[in-house]
Each structure stands twice: as structure tokens, then as C-alpha cells.
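Each chain is listed here by its residues.
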Number of protein chains: 2
Amino acid sequence: MRASQYFIPTLKEAPAEAEVPSHIFLIRAGYIRQLAAGLYEYLPLGFRVLKKIENIIRKYMDDAGALEVLLPILTPAELWQETGRWDVYGKELFRVEDRKGRLFALGPTHEETITDLVRKNIRSYKDLPKNFYQIQTKFRDEARPRYGLIRGREFLMKDAYSFDVSEEMAVKSYETMKETYRKIFDELGFDYLMVEADTGAIGGKFSHEFVVKVPNGEAHIVYCEKCGYAANIEAAKYEFELDKLPPEEEKPLEKVHTPSVSSVEDVSRFLGVDSKKIVKTLVYILDDGTAVAVLIRGDRELNETKLINYFNAIDAHLASSEELERLGIVEGFVGPIGLNIPVYADVSVKDLHNFVVGANEKDYHFINVNIPRDFKPVDFVDFSTAKEGDPCPVCKSPLKEATGLEVGHIFLLGTKYSESMKAYFVDKDGREKPIIMGCYGIGVSRLMAAAVEQNHDENGIIWPESIAPFKLHILALNIKDNQIKDIAEKIYDEAKKLGVEVLYDDRDISPGAKFKDADLIGIPYRVVVGKKVKEGKVEFQERKTGNKEEIEIDKINELLKRLL
Amino acid sequence: MRASQYFIPTLKEAPAEAEVPSHIFLIRAGYIRQLAAGLYEYLPLGFRVLKKIENIIRKYMDDAGALEVLLPILTPAELWQETGRWDVYGKELFRVEDRKGRLFALGPTHEETITDLVRKNIRSYKDLPKNFYQIQTKFRDEARPRYGLIRGREFLMKDAYSFDVSEEMAVKSYETMKETYRKIFDELGFDYLMVEADTGAIGGKFSHEFVVKVPNGEAHIVYCEKCGYAANIEAAKYEFELDKLPPEEEKPLEKVHTPSVSSVEDVSRFLGVDSKKIVKTLVYILDDGTAVAVLIRGDRELNETKLINYFNAIDAHLASSEELERLGIVEGFVGPIGLNIPVYADVSVKDLHNFVVGANEKDYHFINVNIPRDFKPVDFVDFSTAKEGDPCPVCKSPLKEATGLEVGHIFLLGTKYSESMKAYFVDKDGREKPIIMGCYGIGVSRLMAAAVEQNHDENGIIWPESIAPFKLHILALNIKDNQIKDIAEKIYDEAKKLGVEVLYDDRDISPGAKFKDADLIGIPYRVVVGKKVKEGKVEFQERKTGNKEEIEIDKINELLKRLL
């Protein structure tokens, strides 16, 4: 492709809202443009990368026996109502009304649609297993679309759905997808982790995320370098037995005056007690309006996802001052003793002795609190957020923390959708049973951003070869010099003939501008045709390493063949 | 692909609403399923055909130098408002409100979006010409979605947009696309016509449609077998000079009593006058509320598209009884003499003598009316619908009528969008000028239906080779017979190894059911492995001709190679 006839509108400056490298460089290098918040246009270069990612995914999905389909983007409200997700999805679901007043969602995912297809067309165990996938534009009305392609409102996804006759077979399908995902992310050249994850709004039995490691990524993970345990922070466990304090003899309960002292830090300082012995009492309001109190040790953070999952809630929030007042609870001094709502405790509170809690009375705390002497929680539950240094739940080595981008997510759904939508099959024994499902997503457009996050320097993008828009970039440094031009054209023709994907910068601009653009665009290999042609030489450069090598022009064919 | 592991849910009966062959067979043969009115799911077979069509289009678009991009489906209302199409599109535009109350359209076409991209990124004549295209899901909230993929609400389109520095260059781009379209439709194997077309809601200077000929198609065209003139009925001309009646001497105007006689037929019979001399006066209300009267000879039909275009209206409708009453016009006896609204005449009325018109008085007509003696129309305009037998406007031979499916439409837009959206470039002479645009659409999913409309028999589909989901269908007639199975498996493996796209019916069902399914599915070639394997033979069949040929098993390789 000749740059003069192509469309690569590079920019010296990124727009002000671009904060992360992928957003900055994909715009500056002319891969994408923003149409509106969270809506991006893929320019020719961007489109090429997108297609390459898509084709790698398609190859491995086909190899795994998954069948490609294409489902409508407009999905009838009735299907979403059958599973209750018309409400669950809330504001993230773009909703459309047609001319006759019927409601549709712009599909953010297609469990309902594919389950509907399957229940209408699959009846027998003989028709199973099946795994259907599609590569399709998805929609999510994000509250804060940002980071370019990382958190958009319209994006390209690969979504797949497996249907099996038994839990055992479903796990097999799940494992096949796990392996397929590994192959895909390996071929894409990512540094990634497969982590245990929360199932969230998709639901199901268990799930894994594939997280590309990047600094300041939105996904927080903990992982164990020793045994390989890795989990999203929302789902991460730790070995809490090792985190316990030594047993103590119980002292008598005492109410103490703690004027205007509420935070763990302040209480700890005021009473001279280790923060591990201050127990926070957090009041949460679940989405059905229920108020619950959750106890957690002062040195640990509550994990809201674990809380939401435990209570089988859709959402939950920390009670506001008004809500506490309405409940008759004293803000800043809440405690479990004599509280008028159910009290649950994190495992960190188990076997804790002589601890401090609020006294449900302004400016007072209880000290030397002990369970079960002074109160009894309904249950002890793992509500804690794991953190760096916590003992690994598997091998007990200290956990590490990292951030990244979630680029894939797989779920063993079980019968969540097949039961609510009545997707049954007749088994060998003649009995009707719900089909066991799994679902498997990859963020195709997000992968493009993730690749840039992991592969760039201060001058621009450094594409992994597997998804680079072109393999070779020819720069004719002075196109008005006939000798330079002739050689460049010859190399370009040769490369095309051999089938090397090549971008040829034949524009009449300065060498400096060409180098700047080439660095920005990030094509892996470069042939620079400049003054050295007089000596029968061109320069071969590698974007990644910066390595430069002089090449005899008559040996260019060998070089081009090496690139294939 | 093994049928036992694939997903081809064939049906004995098509759903009741399926009226046309493509709708019936694509559903029965397991290519598509309906999710909701006008919304279709592409099952694995359907997806394969869709991709093949897409790839043929892509190949020729790339060859023509067009650059592939991908624009968002959600397009901001503000862009549509700039060109006025937010209102023009009316109920056909699916509109979406986001969580912040901003309005978007689900793109039915992308002139606004691409023009916005170009105005923001192209400044100089050096950056032109450009032709951008995409293959993308489009949306149109059809009042009556029907005929399966032919008139859906969500469909796959290839849309392209050319940008040029001058009208001359734009015409060149237009001609390139015309040729490209011919190549595409030729390779797809269609019997089609390129016809002059109306520009409709897209607008612009001129346009052509590519119409695949099918009986009872929605597109009505006239064409000349002699000179090749062809036009959509909405835009078709005819040589009206040849249709004129011979001149006559003017007779005196007379008002005659015609009790309860209003239709052309009745007036003709009642007065004993040829219907060519009865002139209809039609009252139309334009979208801005203006009422106009249009005269046309009794034997001709008015063409509403021509009328709408002449008045530069968005829409127009025949006045209702209430509207006529409000205007003080006597229904059934309207005439141009003394009428209180502007009167326009079709060219068929020009040089007509001693004709009959309504007298604007109940139960009365004027006879022996003559122009300009008795009244003077504002203008004579071609408002007629051309019809079979009319003289060709180019060579005067009799025109033919046909119906078909519009599968491609190209427009020379001129500056309609660039002016309203201020997409200017700086020309060589340093002056700012509006970019000259063209736009070019192909209905990708509709092509799939069109192919079936043109290629089927009573038993099912007969795919053209270029877009068949598989090239070869192997039927193992009795999979329980080990010899049959072994040979079938061997041929299947061989075909795969050679790269023949093959579907292998390895299901344990009756031979009859296999043949029925194979006819329905319509794969071009078939190898039937049955009892003849004992004699070392299989049968080779061609779906299109029904030809059958016995083949020695050890010569199967030659056959397979022939298929490549």
C-alpha cells in the first residue's frame, strides 16, 4: 500500500482526554478517531489490526470445533425479561423502541438470544454438545466511557456459548475454551494471567478472566509466583488462618468515652490499641432495601463483590448518613452489640479477642469485646479483600498484586439460563433435562488497545508481528531523488510480489517526518531507502530493538523472504 | 465438516409467513432463523454464505483502491440534524437515547459519519481522491419487514463513499464503482440489470441501481432489449412525442351533465370518448401542506417519485376527501378550469385537443377543452410512469417491463453533504471548495436471498459455486455399513487434505432423509457413497443439472482435484 494513496492522519498531539498510551498512540498514529464519547471509528490501519486479531481468534475457535454464527444486535425485551436481566442490567443496557412500541436491547452479550435459538432447534442429547460463537459489535452504555478502546460503549467482541448434556461434559467444554484462549493470547503475544474471577451479572458456577498485565490497569489481581494461583481482587481468597492473632484471655467488657473519635486510625491512636483489634461495623443496604451490618478487622478492606454474592444481591451500597439516621443507628459509633439489624462477620473477626467496636452511642466505644460472650454474628464469611503479602490460599506463600486489562472472560453458567428459559433436551434415558451452559468472551477491540499498552515506547507503537497492520514499512527518504525513488519502488514491487504485507511511504515530505510517523505507526520492520543507494545499500531497521543493518540492494530478496 | 457435529436444523415446513422461495428455503434448509420481525439469526451455513459474499465484495473493492474502515453503528443525532435527515428519515430511523439523554440513530447509512470524519481529517487536494468503505450491520425500522432477508430491519451492507476534488474526478470515481459492481455481480453469478434510478432520501445528482431479475420482485423496472436502456420505474422515461394523438381542430368548450360518472372508464363509456382524451386532475398535498393539481391523460399512470422530485418535496400524498372538502374542491369532478390551486400538466397532456376534464361542479364535466384557450398550466412536466410497450427514450423501440430485487445502488452525491456539513478542501489554486461525493451500497445479506431467488427448484437451493457454503457434499447412505463408512471417511479426509470445502453427512439417518436434506441445502456437487462401494464405485452428482456419474473409487482424487 502506498502511503500517498492511503489514509493515515497522524497527529502531533493527542486530544486532552487521552490519558493512557493506547488511547494516545492509536489516535496520534491514525488508527482510530472518536465520533462521540465511547464511540470510535476504525480508520484503514486500525481496521487491519482489528481484522488480524479477529482472524487469529476465529482460527482457534474453529479448531476447537466451535461453530460461527451471527445473531441480531437488536434483541427483544421479552427474552431479557425471561431471565430477569432486563432489570438487572440497568442503565448499561441501551434500549430501543421500534415504530410499533416494541422494546429491544442493543445486545451487550447474547446468552438469552442463543439460548432461545437452542431451545427452539435442539431437542435431543444427539444434537449435543454444541459451541456457537460470533464476532460482533456489542453495546454497553458505560457511565464513564474512557481510555479509548479500553472502555467504549460500542465494541467488538467474540462471544461463544457452549451447550452440554451434563456438568461433566460442560466442564470439558469449559476446559477446551480455556486452552483455546491460552493459544489465542499466546499467538497474540501477550504477557497475561488467567485468574479466578467473579461471575458478576452473567452469573454461573465459576469463571476465569484473562488479564493482560499493564500498569494502572482497571483490573486488580493478586497472584502467587510460587504455585501460580491468580485471582481477580473481587474473587481473590487468602489463607486467613495464618493472619490470625494469637489467643488471649477474655477481659471484662467495658464502655469507654471516645469523644469525636471514629476512624480506625483515630480509635487505634486514642485507645493505644493495634488496628487489628479495632473492628469496623459497616452498614450496607442491599438492592431489596434490607440493611445488614458487616464486621471486619480494622486492618482489612471489605470486598463488596463478595458481600453482594453472599447475599445473592444485584447491588449493595454503604448506608448514607440519612439511611443510618432512618435506621436509628449512630454514625461513626456503630457496633454489633445491641444493634437492631442482622450482624455478619468477616473471617478476620473469628477467634479475635478483647477487640474494640462502636457502642451505638455517640462518642462511645466498647473495649474488650469477645464472641460469643458479648454478641453472636449470624455467620462468619470471607468478606475480605486479599492484598499484597497475604498468604496464598493454595501454597501459603505471600501473594503479589498487579493491575491489568481484562481481555477475556469465561463462565461455567450451569443451568442459570437454560432453566429460566426452559432450554431442555431429552437425554439418553428419555428424560427432559436442562442443558448445561458455558459462555466465553473476548474483547476484540480492547485487545487492540491492550497490545499497545504492552508494546510501545515514548515514540509510538511497537506492534507484535501477529497483529501488525503491515509487516514491512518502506521509507523513501527523498522521493524527488530518482535513484532513491526507483529503488524504493522496486523493493515495494518485489515485496508485494512475494506477498509481504508492505506499507510504502512514497509521500513528498521530509525524512524526519517519515521517521516520526514510522515510529508512531509501529510496523515491525523497516527498509530505509536514502542516500546510501549510491553505494548500492539500504538500511534495514527493527522497530522493537532499534537495530539497524546495512543491506546490499541486490540481497534485498533474501531479506524479504526472511520476513514471510 | 461432519454433519453430525455441525448444526443444520432442516425443516419439513416453512413458517406460514414465508412467501418467497429465498425465505422458505433459507429457513427450511437451516441457514437462518427469525428472532423477531425483520431480525434474523445466521446459523453456521448461513454465516458461511454471508462471509463468501462479503469476501468477493471486499476483493473487488480493495482492487478498486477503496479503503476499508469501520464506523460506529450509534451515530449522534447532531450529525443527522446538520443535514436535516434526522427529520427526513422519519420512522425508519431507529433512535436511541443514552443514559445522559443524548440521542443517537442506529445507522441505516453513513454519509453523515464519514463526511464528519473527512472534514476533520482531510484538508488538501493532495489528500484526495479517497474512497472509504465498510461492511457493516445496518438498521431500518421498516413499516412492513417481510420476505426474510429481502426486507429486514437489521441487515448487512457494504457502503462506500468517494471524495473528489472536482465533478469530473467524482464521475470517474463513480464509473470505477460501476465497473467494480459489475465485476462483483458477475462473479456472484447473477442475472442482473444496471438501471437508472431515483436518488430518493440519499439525494444527489444521479444514480444507478443493480437489480437482480426475479419474478414478483419489489423493484419494477423497464428496459430496452435493443439499446440496453434500463431504468427503475420510479425514474424511467419514455419517448412521449411518439405517444401523442394527431392534431385536431379545436371545438367549442361545453359543460355536460355526467351524473355520478367520475372514473376515467365511466366517463369514457358515458361520453363515448377514448380514454386518451379524458384528462385526470389529481390533487396532491406536499409535505409542507401545499396543494397542487396535476393533469395526466386518462390512459397513463402518475409517477409519485417524479412528482416528489419535481416539487423538491420529501413526501406527497393524494388529497383525501376531507382535504378536498377543506380546499373547496368537488371530489370526483375536479378539473383545471377555474381551480383555486396551481395546475401542472404531464407531458401527455401537451398538444392534446378537445379533451375532457371535470367541471369542478358535482355531476358535470367539460368537453372539448383546449390549452391555452381554456386554461394554462404552470408547467408541462414528465410525471408519467413508463410502461411496457412505451417507446424507449433512447432508441424508440418498445420498452419491456420486469421485476427484480435491488441489490446495489450507487449515487453521485455532488456537494449535498459536503456543503451542509462544511467538508471543504483547499484546492491547488489555494481556494476552499466543497468536496464532491459519491456513495455506493450493496445489500450483502439481501444478496444471499437474491441468489436463492435466482437459483432454486422445488426441492431446494442450488447455490452458485462462488458463494456455496461448501463445494462438495458427501453422503454416506448407510453409516452402519462399515465398508460404506470407511470409503466415505476416506473421501472426506482426502477432500479436506486437498482443501476442498466439504460437508460430510455422517448422520445415522435414512438415505431418503439425506437426499432430501442435500437437495434442500443445495451444495453444488455431491458424492454418494452407497451399495455400489462393493463394486468399487461411488456416484458423483451435480445439484444444478441433476447429472449423475459413476466414479471408480480409486479415481476419486482426480475428481476432487477437478473441484478445486
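As recorded by an unreviewed UniProt entry, chain A carries the name Proline--tRNA ligase and is attributed to Persephonella hydrogeniphila. As recorded by UniProt, the Subcellular location (unreviewed entry) comment attached to chain A reads in full: "Cytoplasm".

S.K.: Break down the overall build of chain A for me, citing the residues and quoting the values.
M.R.: Counting its regular elements, chain A contains 14 helices and 31 strands. Of all 564 residues assigned to chain A, the portion counted as buried reaches 58%. A fraction of 69% describes how many contacts in chain A between residues 6 or more apart in sequence connect residues 24 or more apart. Summing over all exposed atoms, chain A offers an accessible surface of approximately 23200 Å²; the carbon and sulfur share of this is 48%. Averaging the positions of the 79 positive and the 94 negative side-chain charges in chain A gives two centres separated by 5 Å.

S.K.: How would you summarise the pairing of strand E1 (residues 32-36) of chain A if you had to cite specific residues and measurements?
M.R.: All names here are of chain A. Within E1, 4 of the 5 residues are buried, which leaves it mostly tucked inside the rest of the structure. Taken together, the 4 bridges between E1 and strand E2 (residues 39-42) define a ladder with antiparallel strand orientation. Across the sheet, the residue bridging to Ile-32 is Tyr-42, located in E2. Once E1 ends, the chain turns through 2 residues before running back antiparallel as E2, passing Gly-38 with a positive phi of about 75°.

S.K.: Pulling in residues and values, what's your account of the environment of His-257 of chain B?
M.R.: All names here are of chain B. As for its position among the elements, His-257 is in strand E13 (residues 254-257). Each C-alpha atom, one on His-257 and one on Ser-510, is 77 Å from the other, the two residues being 253 residues apart in sequence. Not counting the four nearest positions on each side in its chain, His-257 is found in contact with Phe-270, Asp-363 and Tyr-364.

S.K.: Lay out unusual backbone geometry with the relevant residues and their values.
M.R.: All names here are of chain A. In this chain, Leu-128 is followed by Pro-129 through a cis amide linkage whose omega measures 0°. The residue Pro-129 is located in the loop between helix H5 (111-121) and strand E7 (130-139) in this model. Even without glycine at this site, Ser-260 takes up a positive phi of about 55°. Within the fold, Ser-260 resides in the loop between strand E13 (254-257) and helix H7 (264-271).

S.K.: Go over the state of the cysteines, please, and point to the residues and values.
M.R.: Cysteine pairs can be linked by a disulfide, which is a covalent bond between their two sulfur atoms. All names here are of chain B. Here the structure, examined in full by the defined rule, presents 0 disulfides over all chains. Unpaired in terms of disulfides, Cys-224 finds its nearest cysteine sulfur in Cys-395, a separation of 3.4 Å. A relative accessible area of 26% means that Cys-395 is categorised as partly exposed.

S.K.: Just give me the short version of the sheet that holds strand E20 (residues 380-381) of chain A, but keep the residues and values in it.
M.R.: Residue and element names in this part refer to chain A. Within the open sheet, the 5 strands sit side by side as E16-E14-E15-E17-E20. Their pairing is mixed. Bordering the open sheet on either side are strand E16 (316-318) and E20, each of which pairs with just one other strand. In the sheet, strand E15 (residues 291-297) pairs with strand E17 (residues 343-346) via 3 bridges, with the strands oriented parallel. Note on E17: the bridge partner recorded for Ala-293 is Val-343.

S.K.: Which residues make up the interface of chain A and chain B, and what values do they have?
M.R.: Listed as interface residues are 57 residues of chain A and, on the opposing side, 57 residues of chain B. Between chain A and chain B, a total of about 4700 Å² is buried, with carbon and sulfur atoms accounting for 65% of that surface. At the boundary of chain A and chain B, one finds 2 salt bridges. Among the salt bridges present, the one from Asp-98 of chain B reaches Arg-153 of chain A, with a minimum N-O distance of 2.9 Å. For the pair chain A and chain B, the number of links is 14 residue pairs in polar contact (both at pLDDT 80 or more). When residues in the side of chain A that touches chain B are grouped by element, the largest group, 6 residues, is from helix H2 (residues 44-63) of chain A.

S.K.: Pulling in residues and values, what's your account of the side chain of Gln-136 of chain A?
M.R.: All names here are of chain A. Mapped onto the secondary structure, Gln-136 falls in strand E7. Residue classification places Gln-136 among the buried positions, given a relative accessible area of 4%. A polar contact is formed between the side chain of Gln-136 and the side chain of Gln-134, at a distance of 3.1 Å. Once residues within four sequence positions are removed from consideration, Gln-136 is found in contact with Leu-70, Leu-71, Pro-72, Ile-73, His-110, Phe-155, Leu-156 and Met-157.

S.K.: Lay out the relation of the copies chain A and chain B in plain terms, naming residues and giving numbers.
M.R.: Once chain A is rotated about the relating axis by 180° and shifted along it by 0.0 Å, it coincides with chain B to within an RMSD of 0.0 Å. Put plainly, the chains are arranged around a two-fold axis. Rotation axis and chain A: the residue whose C-alpha lies nearest the axis is Val-96 of chain A, separated from it by 2.8 Å. Taken together, the interface assignments show that 100% of the residues at the interface of chain A recur at the interface of chain B, consistent with an identical surface on both copies.

S.K.: Summarise the pattern of salt bridges; cite the residues concerned and give the values.
M.R.: Residues and elements named next belong to chain B. For the structure on display, the rule yields 102 salt bridges over all chains. Residue Lys-433 is joined to Asp-427 by a salt bridge in which the shortest nitrogen-to-oxygen separation is 2.6 Å. Accessibility expressed as a relative area gives 22% for Lys-433, which makes it partly exposed.

S.K.: Could you give me a rundown of the domain arrangement of chain A, with the residues and numbers involved?
M.R.: Along its sequence, chain A is carved into domain 1 (3-237 + 401-453), domain 2 (241-381) and domain 3 (470-563). The C-alpha centroid of domain 3 of chain A is placed 67 Å from the C-alpha centroid of domain 2 of chain A.

S.K.: Give a description of the packing of H2 of chain A against helix H11 (residues 444-454) of chain A that names residues and reports values.
M.R.: For any two helices packed against each other, the geometry comes down to the angle between their axes and how far apart the axes lie. Residues and elements named next belong to chain A. Contact geometry of H2 with H11 gives a least axis separation of 9 Å together with a crossing angle of 110°. Judged by the angle between their axes, H2 and H11 are roughly perpendicular. By crossing handedness, the relation of H2 to H11 is classed as right-handed. Together, Gly-46, Val-49, Leu-50, Ile-53, Glu-54 and Ile-57 of H2 and Val-444, Ser-445, Leu-447 and Met-448 of H11 make up the contact between the two elements. Across the contact of H2 with H11, the residue classes tally to 7 nonpolar, 2 polar and 1 charged.

S.K.: If you had to explain the packing of H2 of chain A against helix H6 (residues 167-188) of chain A to someone new, which residues and values would you point to?
M.R.: Residues and elements named next belong to chain A. Two numbers describe how H2 lies on H6: the axes approach to 9 Å, and their chain directions differ by 145°. Considering how the two elements wind past one another, H2 and H6 form a crossing that is right-handed. On H6, the residues touching Ile-53, Ile-56, Ile-57, Lys-59, Tyr-60 and Met-61 of H2 are Met-177, Thr-180, Lys-183, Ile-184, Glu-187 and Leu-188.

S.K.: Give a detailed account of the sheet that holds strand E17 (residues 343-346) of chain B, specifying residues and quantitative values.
M.R.: All names here are of chain B. The mixed open sheet is built from 5 strands, whose spatial order is E16-E14-E15-E17-E20. Each end of this open sheet is capped by a strand with a single partner; those strands are strand E16 (316-318) and strand E20 (380-381). Bridge count between strand E14 (residues 279-286) and strand E15 (residues 291-297): 7 bridges; the pairing is antiparallel. From the neighbouring strand, Leu-282 faces E15, where its bridge partner is Val-294.

S.K.: Hey, could you go over the packing of aromatic side chains for me, with residue numbers and the actual values?
M.R.: The way to describe two aromatic rings as a pair is by their centre distance and the angle between their planes. Residue and element names in this part refer to chain A. Here the structure, examined in full by the defined rule, presents 44 aromatic pairs over all chains. A ring pair is formed by Phe-185 and Tyr-192, whose centres lie 5.6 Å apart and whose planes are at 50°; its orientation type is tilted. Classification of Tyr-192 as buried rests on a relative accessible area of 14%. Taken together through their ring pairs, the aromatic side chains of Tyr-181, Phe-185, Tyr-192 and Phe-210 make up a single cluster.

S.K.: Explain the side chain of Lys-306 of chain B to me, using residue names and the numbers behind them.
M.R.: Residues and elements named next belong to chain B. One can find Lys-306 in helix H8 (residues 304-310). Since its relative accessible area comes to 10%, Lys-306 is described here as buried. What Lys-306 contacts, discounting residues up to four positions off in sequence, is Glu-234, Ala-235, Ala-236, Lys-237, Asp-382, Phe-383 and Ser-384.

S.K.: Could you give an account of a positive patch on the surface, naming the residues involved and the relevant values?
M.R.: On the surface, Lys-91 and Arg-144 of chain A together with Arg-99 and Lys-100 of chain B cluster together into a positively charged patch. Within the secondary structure layout, Arg-99 of chain B lies in the loop between strand E5 (95-97) and strand E6 (103-106).

Rules of the game
- Residues numbered from 1 in each chain as written.
- Chains lettered and ligands numbered in written order.
- Predicted model: local features only at pLDDT ≥ 70, side-chain atom pairs only at ≥ 80, totals over all residues.
- Heavy atoms only, no water.
- UniProt positions renumbered as here; feature names shortened; annotations may be inferred.
- Helix = DSSP H or I, 4+ residues; strand = E, 2+ residues; numbered from the N terminus.
- Buried < 20%, exposed > 50% of the residue type's maximum accessible area, 1.4 Å probe, protein only.
- Contact = heavy atoms within 4.5 Å.
- Areas by Shrake-Rupley, 256 points an atom, 1.4 Å probe, with all protein chains shown as cover.
- Lys, Arg positive; Asp, Glu negative; His and termini not counted.
- Charge placed at Lys NZ, Arg CZ, Asp CG, Glu CD.
- Pairing = 2+ DSSP bridges.
- Disulfide = S-S within 2.5 Å.
- Buried area = accessible area lost by both parts, 1.4 Å probe.
- Salt bridge = Lys/Arg side-chain N within 4 Å of Asp/Glu carboxyl O.
- Polar contact = N/O pair within 3.5 Å; in protein donor to acceptor, adjacent residues only side chain to side chain.
- Least-squares fit on C-alpha atoms with pLDDT ≥ 70 in both.
- Domains from an automatic or database assignment.
- Axes fitted to C-alpha atoms, helices over the stretch in contact; angles between N-to-C directions.
- Parallel < 35°, antiparallel > 145°, perpendicular 65-115°, else oblique.
- Left-handed = near helix turned anticlockwise from the far one by under 90°.
- Nonpolar A, V, L, I, M, F, W, Y, C, P; charged D, E, K, R; others polar.
- Phe/Tyr/Trp six-rings, centres within 6.5 Å; stacked < 30°, edge-to-face > 60°.
- Patch = residues over 30% accessible without salt bridge, like charges linked within 9 Å, V, L, I, M, F, W, Y side chains within 5 Å.

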